[in-house]
Amino acid sequence: MSIGEGWRNLFENWPETIPRNGILVTNYNETVPFKAFMISGSILLVERETPDSQGARKVLIAYDCISAVKLTTPLDLPRFLVMGFQAP
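Cut-offs applied
- Residues numbered from 1 in each chain as written.
- Predicted model: local features only at pLDDT ≥ 70, side-chain atom pairs only at ≥ 80, totals over all residues.
- Heavy atoms only, no water.
- Buried < 20%, exposed > 50% of the residue type's maximum accessible area, 1.4 Å probe, protein only.
- Helix = DSSP H or I, 4+ residues; strand = E, 2+ residues; numbered from the N terminus.
- Pairing = 2+ DSSP bridges.
- Arc of directions from axis to C-beta.
- Contact = heavy atoms within 4.5 Å.
- Phe/Tyr/Trp six-rings, centres within 6.5 Å; stacked < 30°, edge-to-face > 60°.

## Remarks on the pairing of strand 1 (residues 22–26)
Then, in step 1: Across the five residues of strand 1, four count as buried, placing the element largely inside the fold.
Then, in step 2: Bridging between strand 1 and strand 2 (residues 31–34) involves four bridges; their strand directions are antiparallel. In the sheet register, leucine 24 faces strand 2, and the bridge partner there is valine 32.
Then, in step 3: In this antiparallel pair of consecutive strands, strand 1 and strand 2, the connection spans four residues, and asparagine 29 shows a positive phi of 65°.

## Observations regarding helix 1 (residues 3–12)
Then, in step 1: Looking only at helix 1, the buried set comprises Gly4, Trp7, Leu10 and Phe11. The buried residues of helix 1 occupy an angular sector of 125° when the element is viewed end-on, so they sit on one face.
Then, in step 2: Of the surrounding secondary structure, the elements contacted by the buried residues of helix 1 are strand 1, strand 3 (36–39), strand 4 (43–47) and strand 6 (66–70).

## Overview of the packing of aromatic side chains
Then, in step 1: What the rule picks out here adds up to four aromatic pairs.
Then, in step 2: The interplanar angle of 80° and the centroid separation of 4.9 Å between the aromatic rings of phenylalanine 11 and phenylalanine 37 together place this pair among those described as edge-to-face. Placement of the pair is phenylalanine 11 in helix 1 and phenylalanine 37 in strand 3, with a sequence separation of 26 residues.
Then, in step 3: On the accessibility criterion, phenylalanine 11 (2% relative accessible area) is buried.

Encoded structure:
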């Protein structure tokens, strides 16, 4: 599975119990805070709470251009079991 497929799988199967907000980090070292997202086969659409310096509130990004997702909501680690994570 490629990195892009891994990110697509994560967003496609995002559980209802995990808030759909956070910070997207791109391969270009950009950080994109988001409050919601929508998926497609090859592109993710994220919605920003406030516009960026150019006035954009929506960002379309290819899954393979995502390097990290930061979650800003404090959650206990066991809540991520539903996303496929497990203790070592």
